[in-house]
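This is what each chain is made of:
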Amino acid sequence: MIAKISNGKDIAGLIRYLFDTKKARDHTDPHSVASWDGFAPDPGRTDDFDATKKLLVADLNLHVKQARRLGRAPEKYVWHCSIRAAESDRLLSDEEWADIARRVVAAPGIAPDGDPDGCRWVAVRHAPDHIHIAATKVRGDLSTARHWNDYLTADRELAAIEKQYGLFRVVRGDRTAAKRPTRAEQEKARRSGHEKPARERLRATVRTAVAAASSVEEFVHLLSHIDGVLVEVVYFPSGDVRGYKVASEDTTTADHEPVWFSGYELSPDLSFPKIQKRLENIDPQPAGQPGRRRPNPWRQATAATERIPHHLDQTDDEASQAHLAAFGEALDALPLLASQALRPQLREAATAFERATRSRIRAEHHHARALRGAVRAMVREPAPKDGAILAMFLDAAILVVIAAARWHQLRHHDQQVAAAHQSLLHLQAAYDQAAAAPLAALAQRQPPQQAMERQIRRLRQVVPEHVEQVIEDPAFAALTVALAQAEAAGHDPERLLQQVADQRALDDADSPARVLTWRIQRLSARSAPSARAREAAQARSTTRVGIAAQRPDAPEHTAAAAPAPQPSQARRR
């Protein structure tokens, strides 16, 4: 159920509208379902409509007139609340609507339960799916009703009503969402031929600039050089930046003045102080040293992204919120780096996930410095020619979005959960498209049958419960190539397989071979351990097992190493 609350100063006009059937043709059978005392005049159930309407208005206005004589009545003394059921909800009876009305006026303090001095009100039903509550805000003791945060308190009551009555559960927010475009902004966008209003287009533009910038100065510079965007920067007397506002060149007022939006008006996390704080928490990327290869920022970003589900499983909510915000910036940057064919899905994924990057939990941005630094380095590098590196990042990103949905769900962040699910659909589509060509290229280098049989034997040892599904997977040939390449580079294929299996549960994977392929490729990109290092690691493992076996309370089977933390939730893919 959705409530809309407004305040006014004409109760007679509101009552006239609620019972009208001539001008408002969608009003059918208007009548009262409840009132402050249960005996209020009902113009919808009488032959003399005008006279009964005047009686009702007079009764509602009684305390207002008395308070006016004492100079106590507020100017806007009318409280108007409309409550609408969802299209999928069953048809509620008048008695059920009456109960809902009483609970809604009680929750914000308009007419508390058992209070004889509560405000006077009437609930009118003039359509099957909604009611209107009209109340005057002067109490019986002639004081003005205290109804602070009336929308929030009424909305919480409606959430309880939905659960009790078995109605559709509306996704509710925590007041951290970006402001929605007004109807006038939407109409203006349609008239000018734009799919989205200027507010939404500018929000996406600013978020992309933040994702690409590594300092406040660079952020301002990037904004100032974007076509179609007007930027006005406000400075302190010292010359430091104080704030900014942006406008779209194609959006003006009747006086041909630009329609400006401050960062906060675009989104709570785009205010200048918050942008400044985020840009201060970026790890500088190491400069290349003679004789050493510069770290690949894509692989650094992928590694940092793969660790986010583990961070979300910890108890530090401020750190978790920071990782989600940094991951949102990574999604904002992806359309700049991907091929033209992938950009639409990636933009939609970033736009949807934007809502999941904010909550009432304050982000401690220094926790996500590494990912932010890697993303900025990615932006400064040429677009990757190897599509596999993008597919690997998207593979990790999908698990982050799934983990984010779970994290928000545990904290009852309904809007953020819905945003993560919506983002997942677009990210999955982009991943499927990005992975197709690299997998096909790998499969073309399929090893001989003898080598494939050797990989199958390894799979039977490491993941025996999934081996048949992996072998029948269309990506199996690509997996065998990845394992062969890792072995040729000096890695132990069985150890790699075990690491991958520990990182990602395969029970619900739609393509387990694809999951294994990308992770083996990423792990095998690291330098293979030397023979001496492998022998030392084996010796340490044997020693630990031996010591554990000598303990009197040791279990019969002791693992040599604990598995890596698994994501909170898996996704079929």
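Residues numbered from 1 in each chain as written. Predicted model: local features only at pLDDT ≥ 70, side-chain atom pairs only at ≥ 80, totals over all residues. Heavy atoms only, no water.

**Thoughts on the pattern of salt bridges**
Within this structure, the stated rule accounts for 35 salt bridges. Of the charged contacts, one joins Asp129 and Arg84 as a salt bridge, the two residues approaching to 3.1 Å between their closest N and O atoms. On the criterion of sequence distance, the pair formed by Asp129 in the loop between strand S4 (121-127) and strand S5 (130-136) and Arg84 in strand S3 (residues 78-84) is long-range, its members being 45 residues apart. The partly exposed category is assigned to Asp129, whose relative accessible area is 31%. The partner of Arg125 in a salt bridge is Asp94, and the shortest N-O contact between them spans 2.8 Å. Within this pair, whereas Arg125 is found in strand S4, its partner Asp94 is found in helix H3 (residues 94-106), the two being separated by 31 residues in sequence. A relative accessible area of 27% places Asp94 in the partly exposed class. Through salt bridges with shared partners, one network takes in Arg207, Asp269, Arg278, Glu329, Asp332, Glu354, Arg358, Arg372 and Arg376. (Salt bridge = Lys/Arg side-chain N within 4 Å of Asp/Glu carboxyl O. Helix = DSSP H or I, 4+ residues; strand = E, 2+ residues; numbered from the N terminus. Buried < 20%, exposed > 50% of the residue type's maximum accessible area, 1.4 Å probe, protein only.)

**Details of the packing of aromatic side chains**
This structure, assessed with the given rule, holds three aromatic pairs. Taking 6.2 Å as the distance between ring centres and 90° as the angle between the ring planes, the aromatic pair formed by Trp298 and Phe393 counts as edge-to-face. Taken as a pair, Trp298 in helix H10 (residues 297-306) and Phe393 in helix H15 (residues 387-410) lie far apart in primary sequence, 95 residues in all. We note that Trp298, like Phe393, is buried. (Phe/Tyr/Trp six-rings, centres within 6.5 Å; stacked < 30°, edge-to-face > 60°.)

**Remarks on the nonpolar core**
Counting 81 residues, the largest nonpolar core has Phe327, Leu334, Leu394, Leu427, Leu459, Leu479 and Ile520 as its most contacted members. Broken down by element, this core gets its largest block of residues, 17 residues, from H15. Residues in contact with Leu427, not counting those within four places in the same chain, are Leu331, Leu346, Ala349, Leu394, Ala397, Ile398 and Val401. Among the nonpolar cores identified, the runner-up in size contains 29 residues, and Ile83, Cys119, Ile131 and Leu158 belong to it. (Core = buried A, V, L, I, M, F, W, Y, C linked by side-chain atoms within 4.5 Å. Contact = heavy atoms within 4.5 Å.)

**Concerning the sheet that holds strand S1 (residues 2-8)**
Strand pairing in a sheet is mediated by backbone hydrogen bonds. Such pairs are either parallel or antiparallel. Judged by pairing direction, the sheet is antiparallel, and its five strands sit side by side in the order S1-S3-S5-S4-S2 without closing on themselves. Here the strands that pair on one side only, and so sit at the sheet edges, are S1 and strand S2 (31-35). Direction aside, neighbouring strands of the sheet carry axes that sit 20° apart on average. Sheet topology note: the S3/S5 ladder contains seven bridges and is antiparallel. Bridge assignment links Cys81 to a residue of S5, and that residue is Ile133. Packed onto the sheet, helix H1 (residues 11-18) meets S3, S4 and S5 and runs at close to 160° relative to S5. (Pairing = 2+ DSSP bridges. Axes fitted to C-alpha atoms, helices over the stretch in contact; angles between N-to-C directions.)

**Looking at the confidence of the model for the protein chain**
For residues with low pLDDT, the predicted coordinates do not support detailed interpretation. Averaged over all residues, the pLDDT of the protein chain equals 87, while 89% of them reach at least 70. H3 holds the highest mean pLDDT among the elements of the protein chain, 97, whereas helix H22 (residues 531-550) holds the lowest, 49. When the criterion is pLDDT under 50, residues 547-573 qualifies, and its contacts beyond four places in sequence or with other chains add up to 50 contacts. (pLDDT = per-residue confidence, 0-100.)

**Quick word on unusual backbone geometry**
For Asp29, which is not a glycine, the phi torsion comes out positive at approximately 50°. For Asp29, the location among the structural elements is in the loop between H1 and S2. Located in the positive-phi region is Leu142, a residue other than glycine, with phi close to 70°. The residue Leu142 is located in the loop between S5 and helix H4 (150-165) in this model.

**Remarks on the sheet that holds strand S6 (residues 229-235)**
The antiparallel open sheet is built from three strands, whose spatial order is S6-S7-S8. Two strands bound the open sheet, and with one partner strand each, they are S6 and strand S8 (261-262). Sheet strands in contact with helix H6 (residues 198-212) are S6, strand S7 (241-248) and S8, and its direction is about 130° off that of S7.

**Quick look at the environment of Ala420**
Structurally, Ala420 can be placed in helix H16 (residues 414-443). Judged by its relative accessible area of 1%, Ala420 falls in the buried class. For Ala420 and Ala403, which are 17 residues apart along the polypeptide, the C-alpha to C-alpha distance reads 9.2 Å. With sequence-adjacent residues up to four places away left out, Ala420 is seen in contact with Phe353, Ala356, Val401 and Ala405.

**A short note on the pairing of S2**
Working note: regular strand, side chains alternate between the two faces of the sheet. The element S2 is largely enclosed, with a buried count of five among its five residues. Note: S2 against S4, four bridges, orientation antiparallel. Residue pairing in the sheet places His31 in a bridge with Arg125 of S4.

**Quick look at the side chain of Arg103**
On the secondary structure map, Arg103 appears in helix H3. Overall, the relative accessible area of 19% leaves Arg103 in the buried class. In this structure the side chain of Arg103 is engaged in a polar contact, spanning 2.8 Å, whose partner is the side chain of Gln164. Setting aside residues up to four positions removed in sequence, Arg103 forms contacts with Glu157, Ala160, Ile161, Gln164 and Tyr165. (Polar contact = N/O pair within 3.5 Å; in protein donor to acceptor, adjacent residues only side chain to side chain.)

**Side note on the pairing of S5**
Among the seven residues of S5, seven are classified as buried, and the element is accordingly described as predominantly covered. Of the two faces of S5, the one carrying His130, His132, Ala134 and Thr136 and the one carrying Ile131, Ile133 and Ala135 are both buried. Pairing of S4 with S5, which is carried by five bridges, proceeds in the antiparallel orientation. Looking at S5, one finds that Trp121 is bridged to Ala135. Where S4 folds back on S5, the antiparallel hairpin that results is connected by two residues.

**Thoughts on the environment of Asp227**
On the secondary structure map, Asp227 appears in the loop between helix H7 (216-224) and S6. Owing to a relative accessible area of 76%, Asp227 belongs among the exposed residues under this scheme. Distance from Asp227 to Glu249, taken between C-alpha atoms, is 8.8 Å for residues 22 residues apart in sequence.

**Things to note about the packing of H10 against helix H14 (residues 369-380)**
The interhelical angle for the contact between H10 and H14, taken along N-to-C directions, is 150°, at an axis separation of 8 Å. As the angle between them shows, H10 and H14 are arranged roughly antiparallel. H14 is crossed by H10, and the crossing has left-handed handedness. Across from Pro297, Trp298, Gln300, Ala301, Ala304 and Thr305 in H10, the residues of H14 making contact are Leu371, Ala374, Ala377 and Met378. In the contact of H10 with H14, the residues fall into eight nonpolar, two polar and no charged. (Parallel < 35°, antiparallel > 145°, perpendicular 65-115°, else oblique. Left-handed = near helix turned anticlockwise from the far one by under 90°. Nonpolar A, V, L, I, M, F, W, Y, C, P; charged D, E, K, R; others polar.)

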